[in-house]
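Tertiary structure, described
Next come the chains, spelled out residue by residue.
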Amino acid sequence: MKWYKVLNTSDLKYPFITKVKAGSKNICLVGVDGETHALATKCPHAGADISQGWCKDGKLICPFHRYSYDIKTGRGSPGQGDYIQTYPVEIRGDGVYVGLKSWWDWS
Ligand code: FES
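Residues numbered from 1 in each chain as written. Predicted model: local features only at pLDDT ≥ 70, side-chain atom pairs only at ≥ 80, totals over all residues. Heavy atoms only, no water.

1. Looking at the overall build of the protein chain
A tally of regular secondary structure across the protein chain gives zero helices and ten strands. Each helix (α) and strand (β) of the protein chain, taken in turn from the N terminus, gives the series β-β-β-β-β-β-β-β-β-β. Rg of the C-alpha trace for the protein chain: 13 Å, near the compact-globule value of 13 Å for 107 residues, within the 12% margin. The C-alpha extent of the protein chain, read off along each of the three principal axes, is 40 × 35 × 20 Å. Put simply, the protein chain has 107 residues, and 40% of those count as buried. Taking contacts inside the protein chain between residues at least 6 apart in sequence as the whole, the part at least 24 apart equals 42%. In the structure as shown, the protein chain presents an accessible area of about 6,400 Å², 50% of it carried by carbon and sulfur atoms. Charge centroids of the protein chain, computed over 14 positive and 10 negative side chains, lie 5 Å from each other. (Helix = DSSP H or I, 4+ residues; strand = E, 2+ residues; numbered from the N terminus. Rg over C-alpha atoms; globule rule 2.2 N^0.38 Å. Buried < 20%, exposed > 50% of the residue type's maximum accessible area, 1.4 Å probe, protein only. Contact = heavy atoms within 4.5 Å. Areas by Shrake-Rupley, 256 points an atom, 1.4 Å probe, with all protein chains shown as cover. Lys, Arg positive; Asp, Glu negative; His and termini not counted. Charge placed at Lys NZ, Arg CZ, Asp CG, Glu CD.)

Laid out in structure tokens, this is it:
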């Protein structure tokens with residue numbers, strides 16, 4: 001697992017949804033109820049940028065066709081049969097970090 005600093009701790013102002021970079025990867029960072037979650041930016045339905053969406057009842061809503069995904073697990077709402085990738089987040093003294101598996105972690 002490789003950790004990337006994506007935001008300064010001083011920039012955490014809840015609630016928020018923003019797109020950040022972890023290395024070369026786009027990440028949708030969601031801050032709600034004092035917790036921060038990291039998800040993929042590409043909606044699995046038809047590829048919209050889900051970081052342009054909004055949160056409601058613990059779900060991230062895609063702005064294109066309003067599919068919704070649990071912000072903690074990435075699981076799609078009943079009937080969708082899909083999910084969005086989630087990533088671990090750590091709030092450290094100097095910033096918000098997102099962990100990405102490196103290709104050598106897969107073996
Ligand atoms: S592209 Fe996200 S719901 Fe269709």
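Next comes the rest of the write-up.
2. Overview of the pairing of strand β3 (residues 25-32)
Most of β3 is tucked away, with six of its eight residues classed as buried. Pairing of strand β2 (residues 16-22) with β3, which is carried by seven bridges, proceeds in the antiparallel orientation. For lysine 21, the partnering residue across the bridge sits in β3 and is asparagine 26. Turn length for the β3-strand β4 (residues 35-40) hairpin, with the two strands adjacent in sequence and antiparallel, is two residues, and the turn residue aspartate 33 shows positive phi of about 55°. (Pairing = 2+ DSSP bridges.)

3. Some remarks on the nonpolar core
By size, the foremost hydrophobic cluster in this structure holds 26 residues, and its most contacted members are Val6, Ile27, Leu29, Ile50 and Val98. Mapped onto this core, the elements with two or more residues apiece are β1 (2-7), β2, β3, β4 and β10 (95-100). Take this core: its biggest share by element is five residues, from β3. Once residues lying within four places of it in the same chain are set aside, the contact partners of valine 6 are Val20, Lys21, Ala22, Leu29, Val96 and Val98. (Core = buried A, V, L, I, M, F, W, Y, C linked by side-chain atoms within 4.5 Å.)

Purely geometric numbers; function is a separate question.
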